[in-house]
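One-letter residues, chain by chain:
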Amino acid sequence: MVRNVAGVMAELEPEDFYLLSGVEQGMRFSEWVNRGKLPELTGLTPENVDYRLDRCATRELIERKTIQYEGYKLSVAGYDALALRTFSKRETIQGVGAPLGVGKESDVLEVQSYKPLALKFHREGYTNFREVMRERDYTSDRQHVSWLYTARKAAEREYEVLEDLYPDVAVPRPVGQNRHAIVMEKLAGVELGKSKLAEEQAVGVLDLILDEMASAYDAGYVHADMSEYNVAVAEDGVTVFDWPQAVSTDHDNARELLVRDVKNILGYFERKYPASMPDSTDVESVADAVAADEFETVRNHPE
């Protein structure tokens, strides 16, 4: 989807982006923006608004409905286009490459800059709005909260955490953020869940992951969604990624979430590499060591 948007960026004119930005502004107050409000929101004449609506609709950058009134809203592609234009104007990226990963709540692509980087588009709230609003602390005094808002808040949150943790914790180096998108260092290695570690490597890699969790805790954060899908393994170490759901260590549920993170990552290694793991490991003891930043090795924490 994003690569398709990148392909039409060269076809778009400045006034097309005025139209998209105007729709974006209107969506702060309602899901569908009344067509009659678009000249004021965009700074375009009514005739130019009509022309731009047709251009953007043809390229699937906006959606239209005619129930009660004629209204418009940004599509995912339209929101992506606005973020891509900002990154291009900032000279953060020069081109969009191949997909690196597609998940329930994000799309990640390789982008070209002074070196290959990764571009992550947050999708929180687009298909599971109620679930995201319930699970994340994305609240607002505004009467209307859209999926654009939840996705943007997720990106802002993740970028803030990455800036706080890098380089003391092995996380992707943050490069830039706009709307629902983050540009960051491209991950080295492969996702833990897809890696093929030798049995003798398993405990060592687990120790590295728990040590990074301890460093993050010392820096003030609990990941809150640790699993084999949020860790990359390379020859020179591990990288922990996907931080939009992170909570501060003074959060009311920080301890509970830390224990859950430890349990999840221990559980993966116990399932995948049972011959290499101790017969029993006390999750609470490991979590205590992580929180105290005194973690050494999982073998030191028997039941």
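- By the naming in an unreviewed UniProt entry, the chain is non-specific serine/threonine protein kinase, taken from Halopelagius inordinatus.
- Under Cofactor (unreviewed entry), UniProt gives the following word-for-word description of the chain: "Mg(2+)".
- The Sequence similarities (unreviewed entry) field of the UniProt record for the chain holds the comment "Belongs to the protein kinase superfamily. RIO-type Ser/Thr kinase family."

1. Some points on the nonpolar core
Step number 1: Membership of the largest hydrophobic core comes to 45 residues, with the highest contact counts inside it found for Leu-192, Ile-209, Leu-210, Met-213, Trp-243, Ile-265 and Phe-269.
Step number 2: Sorting the residues of this core by element identifies α7 (147-165), α8 (199-218), β10 (221-222), β11 (231-234), β12 (237-240), α9 (254-272) and α10 (283-291) as the ones contributing at least two each.
Step number 3: Among the elements that take part in this core, α8 stands out by supplying 10 residues, more than any other.
Step number 4: Here this core spans two domains, since at least three of its residues come from each of domain 2 (93-186) and domain 3 (190-300).
Step number 5: When neighbours within four sequence positions are excluded, Phe-269 is seen to be in contact with Leu-192, Leu-197, Ala-202, Val-205, Leu-206, Ile-209, Pro-274 and Met-277.

2. What to know about the environment of Thr-249
Step number 1: Locating Thr-249 in the fold gives a position in the loop between β13 (247-248) and α9.
Step number 2: Those residues in contact with Thr-249 that lie beyond four places of it in its chain are Tyr-217, Gly-220, Tyr-221, Val-222 and Ala-254.

3. Section: the sheet that holds β12
Step number 1: Pairing is antiparallel in the open sheet, where three strands are placed in the order β9-β11-β12. Lying at the two open borders of the sheet, with one neighbouring strand each, are β9 (190-191) and β12.
Step number 2: Here β11 runs beside β12; their pairing, made up of four bridges, is antiparallel. Counterpart to Ala-234 in the pairing with β12 is Gly-237.
Step number 3: The strands that α8 touches are β11 and β12; relative to β12, the one it contacts most, it runs at about 45°.

4. A short note on the pairing of strand β5 (residues 106-112)
Across a regular strand the side chains alternate sides, sitting on one face of the sheet and then on the other.
Step number 1: Counting buried residues along β5, six of its seven residues qualify, which places the element largely inside the surrounding structure.
Step number 2: Bridge analysis of strand β4 (residues 95-102) against β5 gives five bridges, and the strand direction is antiparallel. Its bridge partner lying in β5, Gly-101 is registered against Val-108.
Step number 3: In sequence, β4 turns back onto β5 through a hairpin of three residues.
Step number 4: Looking at chain direction, β5 and strand β6 (residues 117-122) are connected through six bridges and run antiparallel. In the sheet register, Val-111 faces β6, and the bridge partner there is Leu-117.
Step number 5: Hairpin connection, β5 to β6: the antiparallel pair is bridged by four residues.

5. Some remarks on the pattern of salt bridges
Step number 1: Enumeration according to the criterion identifies 20 salt bridges in this entry.
Step number 2: Across the pair Arg-59 and Glu-11 runs a salt bridge whose closest N-O atoms are separated by 3.0 Å. Highlighted residues: Arg-59 in the loop between α4 (46-58) and β2 (62-65) and Glu-11 in the loop between α1 (2-8) and α2 (14-26), separated in sequence by 48 residues.
Step number 3: According to the relative accessible area criterion, Arg-59 is partly exposed, its value standing at 23%.

6. A closer look at the side chain of Asn-230
Step number 1: Along the polypeptide, Asn-230 turns up in the loop between β10 and β11.
Step number 2: If we ignore the near neighbours within four places in the chain, the residues touching Asn-230 are His-223, Asp-225, Thr-239, Val-240, Phe-241 and Asp-242.

7. As for the environment of Val-298
Step number 1: By the secondary structure assignment, Val-298 is in the segment after α10.
Step number 2: For Val-298, a relative accessible area of 1% puts it in the buried group.
Step number 3: Taking the C-alpha atoms as reference, Val-298 lies 50 Å from Met-9; in sequence the two are 289 residues apart.
Step number 4: Sequence-distant contacts of Val-298, that is, excluding residues within four places in its chain, are made with Val-203, Leu-206, Asp-207, Leu-266, Pro-278 and Thr-281.

8. Structural notes on the pairing of strand β7 (residues 174-178)
Step number 1: Along β7, four of the five residues are buried, which leaves the element largely enclosed by surrounding structure.
Step number 2: Bridging between β7 and strand β8 (residues 181-185) involves four bridges; their strand directions are antiparallel. Looking at β8, one finds that Pro-174 is bridged to Met-184.
Step number 3: Counted between consecutive antiparallel strands, the loop separating β7 from β8 contains two residues, among which Arg-179 sits at a positive phi close to 50°.

Definitions and limits used
- Residues numbered from 1 in each chain as written.
- Predicted model: local features only at pLDDT ≥ 70, side-chain atom pairs only at ≥ 80, totals over all residues.
- Heavy atoms only, no water.
- UniProt positions renumbered as here; feature names shortened; annotations may be inferred.
- Core = buried A, V, L, I, M, F, W, Y, C linked by side-chain atoms within 4.5 Å.
- Buried < 20%, exposed > 50% of the residue type's maximum accessible area, 1.4 Å probe, protein only.
- Helix = DSSP H or I, 4+ residues; strand = E, 2+ residues; numbered from the N terminus.
- Domains from an automatic or database assignment.
- Contact = heavy atoms within 4.5 Å.
- Pairing = 2+ DSSP bridges.
- Axes fitted to C-alpha atoms, helices over the stretch in contact; angles between N-to-C directions.
- Salt bridge = Lys/Arg side-chain N within 4 Å of Asp/Glu carboxyl O.

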